[in-house]
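Close look at the chain arrangement
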Amino acid sequence: MTDEVLVLRSLGGDTGAFGEIVERYQRVIYTLAMRMTGSPEDASDLTQGVFLKAWRGLSGFDPHRRFFSWIYRIAIHECLNHRRGGSRFQALEMDPVSEARGPEDCVQGHEIESHVQQGLARLSEGDRQLIILRHFLDESYEAIAETLGVPAKTVKSRLFTARQRLRVELERRGVEDS
Amino acid sequence: MSDERLEQWIDAVLDGEADAEEREALERRLRADPEARERLSQRQALFESLRAVPNHEPPPEVLASVMAAVRREPRRAAGWRERLASLLTPRPVRRPRMALAAGFALGSLATLALVALIDRSPRMGAPVSGTMTRPIGHTVDQRRIALSRGWIEAETRRADSEVWVLLRGRFAESARIEIHFDDRELSPVLVVPPTGDGSHMETSAGRTTIVARGEHASRLAWRAEVARPGPMWISLRAGREEAQAELAVTPPAARE
């Protein structure tokens, strides 16, 4: 079922339809919050808050736009408010070893993650959002352009600059060949 | 070519967003220039570092707690929408035999009429020129009626046994919209009312009336189960004097 159908059914009071929306988008919102805050606990709280805000404001969704773009704006607003509220970006806390990876991969993955997270925290809000949208949410230039309300060419050039800055940050932290 | 330009091309290729011209130019440069190959290698390392960051799944309690909160906190308008939905659920039709006969005499066409009464003299609207990209089923027809003090766009979409009527509009003052339908063929199951203060809607047998009192109304949606496939039409009229445009609910081929 498409996002719009789920939204319309949710507007009609169908909480089950809204549950499908949550299932569909919780991973991307959680990933966004995780990369914006660096804290699994904060990301979890923020994800819940984002979906509650979405539920309350669902009638404001414009069906001519992608649902992701709409909920992304709510999410990014929540993340920035969270930061202004006193929490600072922090290095990622280690979480249990993933079963899908071997222990060595996990240690290496967490090490890289910690460096990347610290590097992201040093970037401007705009640069960080671009890196997250492209590399962690796998959005195309065109989709990022719609979400951020800028031309795709601008996305391309800003993304290049954001990567240059991230690369400098990673080099400072000794991430090889970056 | 500057190093920055080269790296932008490399980024576009690694992102899978380069056009053919960029790809060819980069390939030529890579074949001829060891420095360019070194740049590519560095850029690939950056992409690999980002790709190596593990994915995190949201904890299972996120979904559970969101849904618990949502059920505890229905949206403000949900209550009356649900009441409205119950009013719109299919019910036995009790009509005098004469009326029934008259209905059949009018033909087997189920008539779905959408009437927007705004004010001023009517003007027939032109078909919507742009493509509306809503992904519910497929578009059957769409029309725009422009008025001196507002406009309305209507689109019919079919998805299996459902028909949707999607409306967008902007009105300088109150607008009254009526949807007339033959409830032997259509069973309305969902109406999303207009946004804005003072908006309300009512339904009675074969008719849904929407009054949008806000500055503008948008995203009105009306959905019905189609009991019998067959030719159906929507007509739009606006203003007391009435302006109208017909919208097909089934494709022309299906009506023949």
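Residues numbered from 1 in each chain as written. Chains lettered and ligands numbered in written order. Predicted model: local features only at pLDDT ≥ 70, side-chain atom pairs only at ≥ 80, totals over all residues. Heavy atoms only, no water.

**Side note on the overall build of chain A**
To be explicit about the condition: What counts as a helix is a DSSP run of H or I of at least four residues, what counts as a strand is a run of E of at least two, and both are numbered from the N terminus. When a residue's accessible area, from a 1.4 Å probe over protein chains only, is under 20% of the maximum for its type it is buried; when over 50% it is exposed; and in between it is partly exposed. Residue contacts are defined here by distance: any two heavy atoms, one from each residue, within 4.5 Å place the two residues in contact.
Per the secondary structure count, chain A includes 8 helices and 0 strands. Listing every helix and strand of chain A by position from the N terminus yields α-α-α-α-α-α-α-α. Taking all 178 residues of chain A together, the buried fraction comes to 54%. Considering only contacts within chain A whose residues lie at least 6 apart along the sequence, 62% involve residues at least 24 apart.

**A closer look at the overall build of chain B**
What counts, and what does not: Accessibility throughout is a Shrake-Rupley quantity obtained with a 1.4 Å probe, and a residue counts as covered only by protein chains that appear here.
Summing up its helical and strand segments, chain B has 7 helices and 11 strands in all. Out of the 256 residues in chain B, the part that is buried amounts to 49%. Across chain B, every contact between residues at least 6 apart in sequence was considered, and the portion connecting residues at least 24 apart equals 63%. A total accessible area of about 13100 Å² is found for chain B, and carbon and sulfur atoms account for 50% of it.

**Considering the interface of chain B and chain A**
Going by this rule: Buried area is a sum: the accessible area each of two parts loses on coming together, probed at 1.4 Å, counted once for each and added. Salt bridge criterion: a side-chain nitrogen from Lys or Arg within 4 Å of a carboxyl oxygen from Asp or Glu.
Chain B puts 51 residues into the contact, and the matching count from chain A is 58 residues. Buried area between chain B and chain A, summed over both chains or domains, comes out near 5000 Å², and the portion from carbon and sulfur atoms is 61%. At the junction of chain B with chain A, the criterion picks out 6 salt bridges. Here Arg134(A) and Asp15(B) are joined by a salt bridge, their closest N and O atoms 2.9 Å apart.

**What to know about the environment of Leu46(A)**
Residue and element names in this part refer to chain A. Summarising the element assignment, Leu46 is placed in helix 3 (residues 40–56). Given a relative accessible area of 8%, Leu46 falls into the buried group. Sequence spacing of Leu46 and Met34 is 12 residues, and the spatial spacing of their C-alpha atoms is 9.1 Å. For Leu46, the residues in contact, after removing those within four places along its chain, are Ala33, Thr37, Glu78, Cys79 and His82.

**Side note on a negative patch on the surface**
Residues and elements named next belong to chain B. Cut-off, in case you're wondering: Exposure above 30% relative accessible area and the absence of a salt bridge qualify a residue for a patch, where like charges join within 9 Å and nonpolar side chains (Val, Leu, Ile, Met, Phe, Trp, Tyr) within 5 Å. The charge count treats Lys and Arg as positive and Asp and Glu as negative. His and the chain ends do not count. Lys charges are placed at NZ, Arg charges at CZ, Asp charges at CG and Glu charges at CD.
On the surface, Asp19, Glu21, Glu24 and Glu27 cluster together to form a negatively charged patch. With respect to the helices and strands, the residue Glu27 is situated in helix 2 (residues 20–32). Judged by relative accessible area, Glu27 falls into the partly exposed class, the value being 43%.

**Looking at helix 2 (residues 15–37) of chain A**
Selection criterion: Note that the bend at a residue is defined as the angle between axes fitted to the seven residues ending at it and the seven residues starting at it.
The largest bend in helix 2 of chain A comes to about 50 degrees, at Tyr25(A). Following helix 2 of chain A by one or two positions, Gly38(A) has its phi on the positive side, about 80 degrees.

**Looking at the confidence of the model for chain B**
Residue and element names in this part refer to chain B. As a reminder, the rule being used: What pLDDT expresses is the predictor's confidence in each residue, scored from 0 to 100.
Of all residues in chain B, 42% attain a pLDDT of 70 or more, and the chain-wide mean is 64. Within chain B, the element-level pLDDT minimum falls on strand 1 (residues 110–117), averaging 30, and the maximum on helix 4 (residues 61–72), averaging 90. Across residues 76–135, where pLDDT falls below 50, the model places 144 contacts with residues more than four positions away in sequence or in other chains. On the interface metric, ipTM, the complex scores 0.80, and its pTM is 0.58.

**Let's talk about the packing of helix 2 of chain A against helix 4 of chain B**
Between two packed helices, both the angle of their axes relative to each other and the distance between the axes serve to describe the pair. Put simply, the rule reads: Where helices are involved, their axes are fitted lines through C-alpha atoms of the stretch in contact, as for all axes, and angles between N-to-C directions lie from 0 to 180°. Relative orientations are named as follows: roughly parallel for angles under 35 degrees, roughly antiparallel for angles over 145 degrees, roughly perpendicular for angles from 65 to 115 degrees, and oblique for any other angle. By convention, the crossing between two helices is left-handed when the near helix turns anticlockwise from the far helix through less than a right angle, and right-handed when the turn is clockwise. For this classification, the nonpolar set comprises Ala, Val, Leu, Ile, Met, Phe, Trp, Tyr, Cys and Pro, the charged set comprises Asp, Glu, Lys and Arg, and every other residue, Gly included, is treated as polar.
Where helix 2 of chain A meets helix 4 of chain B, the axes come as close as 10 Å, and the angle between the chain directions of the two elements is 150 degrees. With respect to helix 4 of chain B, the axis of helix 2 of chain A lies roughly antiparallel. Remark: the crossing between helix 2 of chain A and helix 4 of chain B carries right-handed chirality. Residues Thr15(A), Phe18(A), Gly19(A), Val22(A), Glu23(A) and Gln26(A) of helix 2 of chain A form the contact with helix 4 of chain B, whose participating residues are Val62(B), Leu63(B), Val66(B), Met67(B), Val70(B) and Arg71(B). Grouping the amino acids of the contact of helix 2 of chain A with helix 4 of chain B by side-chain chemistry returns 7 nonpolar, 3 polar and 2 charged.

**Structural notes on the pattern of salt bridges**
Residues and elements named next belong to chain A. Throughout the structure, instances matching the rule amount to 21 salt bridges over all chains. For Arg24, the salt bridge is made with Asp3, and the minimal N-O distance between the two is 2.6 Å. Residue Arg24 is located in helix 2, and its partner Asp3 is located in helix 1 (residues 3–11); the two are separated by 21 residues in the primary sequence. According to the relative accessible area criterion, Arg24 is partly exposed, its value standing at 36%.

**Here's the deal with helix 6 (residues 125–136) of chain A**
Residues spaced three or four apart along an α-helix point in a common direction, a consequence of the helix completing one turn every 3.6 residues. The cut-off we apply is this: Here the expected span of a helix is defined as 1.5 Å times the quantity of residues minus one.
Taking 1.5 Å of rise per residue, the 12 residues of helix 6 of chain A would be expected to cover 16 Å, and the 15 Å separating its terminal C-alpha atoms lies within 8% of that figure. Counting buried positions along helix 6 of chain A yields 10 of 12 residues, so the element is predominantly enclosed.

**As for the environment of Ser69(A)**
Residue and element names in this part refer to chain A. Its location among the elements puts Ser69 in helix 4 (residues 67–84). Residue class for Ser69 comes out buried when judged on its relative accessible area of 1%. In this structure the C-alpha to C-alpha distance between Ser69 and Glu146, which are 77 residues apart in sequence, comes to 7.1 Å. Not counting residues up to four positions away in its chain, the partners in contact with Ser69 are Glu146 and Thr147.

**Describing the packing of aromatic side chains**
Residue and element names in this part refer to chain A. To be explicit about the condition: The aromatic pairing rule takes the rings of Phe, Tyr and Trp, using the six-membered ring of Trp, and pairs them if the centres are within 6.5 Å, calling planes under 30 degrees apart stacked, those over 60 edge-to-face and the rest tilted. In this scheme, Lys NZ or Arg CZ marks a charge over a ring once it lies within 6 Å of the ring centre and within 35 degrees of the ring normal.
A full pass over the atoms with the stated rule returns 6 aromatic pairs over all chains. Between Phe61 and Phe67 the ring centres are 5.4 Å apart and the planes differ by 75 degrees, which places this aromatic pair in the edge-to-face class. Of the two residues examined, Phe61 and Phe67, each falls in the buried class. Against the face of Phe136 rests Arg35, its NZ or CZ located 5.1 Å from the ring centre.

**Quick notes on the packing of helix 8 (residues 152–172) of chain A against helix 1 (residues 3–14) of chain B**
At a minimum axis distance of 10 Å, the contact between helix 8 of chain A and helix 1 of chain B shows a crossing angle of 100 degrees. Relative to helix 1 of chain B, helix 8 of chain A is oriented roughly perpendicular. Along its contact with helix 8 of chain A, which presents Lys156(A), Phe160(A), Arg163(A), Gln164(A) and Arg167(A), the element helix 1 of chain B presents Glu4(B), Glu7(B), Gln8(B), Asp11(B) and Ala12(B).

**With respect to the nonpolar core**
Side chains of nonpolar character tend, in soluble globular proteins, to be buried together. Definition in use: Nonpolar core, defined: a set of buried Ala, Val, Leu, Ile, Met, Phe, Trp, Tyr and Cys residues in which side-chain atoms within 4.5 Å join the residues together.
Judged by nonpolar contacts, the single largest core of 66 residues is most densely connected at Phe18(A), Phe67(A) and Ile131(A). With 11 residues, the top contributor of residues to this core is helix 2 of chain A. Leave out the neighbours within four places in its chain, and Phe67(A) touches Asp3(A), Val7(A), Ile21(A), Tyr25(A), Leu58(A) and Phe61(A). Counting residues in each nonpolar core, the second largest holds 6 residues, with Leu6(B), Leu30(B), Ala36(B) and Leu40(B) among its members.

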